[in-house]
Amino acid sequence: MRNYSIQELILEAYQEKVSEKNTRDIGKFLQFVAEGYARRWLKEVCGINSEGAENDANGNESTWDILTEACVRKQVKYRGGKQGKSGRPKLFLETTRRNSQKNAGFKSASGHVAYGSDEFDAALFVIPTNDFDFNNTDGLEVIVIPVNELVHPDHPDILLKNVPAAIMDKYKGKAKQTVLELEQAKLLQNRRQSQLVEAS
C-alpha cells in the first residue's frame, strides 16, 4: 500500500468537511488552527510574545492554551456556531472532561464540565465572520473576555457555560485594548508581589 502523507490526508479530510458544510467537524479541525492563529495575532496585532501550554509530568494538558510574557493565561476557543435569528456567535465554555467525583455536582450538571474560575485569566475566542472562506485567516475575528466577567453569579468557583449577549457586546471590537489592559494589570501585580518578597 502507498505510504500517504499525513498532511495530505488532513487537508483532504478538511476540504471534505468544508464541502459538506459540516460546521461541527470543521470546528474540531480549526480549534488547533485557532491556537496558532491566536499566538500570531497577539504578536502581530498586540506586540505580545506568548508560548503554548505544555503537558505536565503526568501528560495532562494545562487548563489554558497560551501564556503571555506577562504570565496572562489565555484559554483559546474557536467558535463557528451561530444563534438563531440574532446571528450572534455561540460562545460557550464547557469542556469535555470526565464527570469524575472531582467534577461532580453543579459543575457538570449539563453532562459537560464547567471551567473553574481560577483556571485561566481570559478567554480568547476566534470567530469566523461572513467573509471567512475556510481557507485563509482573513475573515476571522477575535474577542477577548477577562475571566472575572465570566464567573457564575451563584457559584463563584466556576465559570458560566455560555457567554451572555451583554458581555459579548461589551468586548466585541475591543480585543486589542482588552489584551493590553490585562497585560498591564498583570505586570503591575507581578511588580507588587516582587516588592513584597523583597520587603520580607
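Because the structure is predicted, anything quoted here is derived from the model rather than measured.

Caption draft 1: Just the overall build of the chain, in detail. Scanning the chain from terminus to terminus reveals 4 helices and 7 strands. Burial statistics for the chain: of 200 residues in total, 38% are counted as buried. Taking as baseline every contact in the chain between residues at least 6 positions apart, the subset at least 24 positions apart corresponds to 56%.

Caption draft 2: Layout of unusual backbone geometry. A positive phi is found at Lys 21, a non-glycine position, where the angle reads about 55°. Mapped onto the elements, Lys 21 comes out in the loop between helix H1 (6-20) and helix H2 (23-46). Notably, Cys 71 is not glycine yet its phi reads approximately 70°, a positive angle. With respect to the element layout, Cys 71 can be found in the loop between strand S2 (66-68) and strand S3 (73-78).

Caption draft 3: Quick peek at the environment of Tyr 78. Within the secondary structure, Tyr 78 sits in strand S3. For Tyr 78, a relative accessible area of 7% gives the class buried. For the pair Tyr 78 and Pro 128, spaced 50 residues apart in sequence, the C-alpha to C-alpha distance is 8.4 Å. If near-sequence neighbours (up to four positions away) are discounted, Tyr 78 is found in contact with Gly 27, Leu 30, Gln 31, Ala 34, Val 126, Pro 128, Phe 132, Phe 134 and Leu 140.

Caption draft 4: View of the packing of aromatic side chains. As enumerated under the stated definition, the model contains 3 aromatic pairs in all. Measuring from ring centre to ring centre gives 5.6 Å for Tyr 14 and Phe 29, while their planes differ by 65°; the resulting arrangement is edge-to-face. Of the two residues, Tyr 14 is situated in helix H1 and Phe 29 in helix H2; the sequence distance between them amounts to 15 residues. Judged by its relative accessible area of 10%, Tyr 14 falls in the buried class. The exposure class of Phe 29 is partly exposed, given its relative accessible area of 25%. The ring centre of Phe 92 lies 3.7 Å from the NZ or CZ of Arg 79, which sits over that ring.

Basis of the calculations
- Residues numbered from 1 in each chain as written.
- Predicted model: local features only at pLDDT ≥ 70, side-chain atom pairs only at ≥ 80, totals over all residues.
- Heavy atoms only, no water.
- Helix = DSSP H or I, 4+ residues; strand = E, 2+ residues; numbered from the N terminus.
- Buried < 20%, exposed > 50% of the residue type's maximum accessible area, 1.4 Å probe, protein only.
- Contact = heavy atoms within 4.5 Å.
- Phe/Tyr/Trp six-rings, centres within 6.5 Å; stacked < 30°, edge-to-face > 60°.
- Lys NZ or Arg CZ within 6 Å of the ring centre and 35° of its normal.

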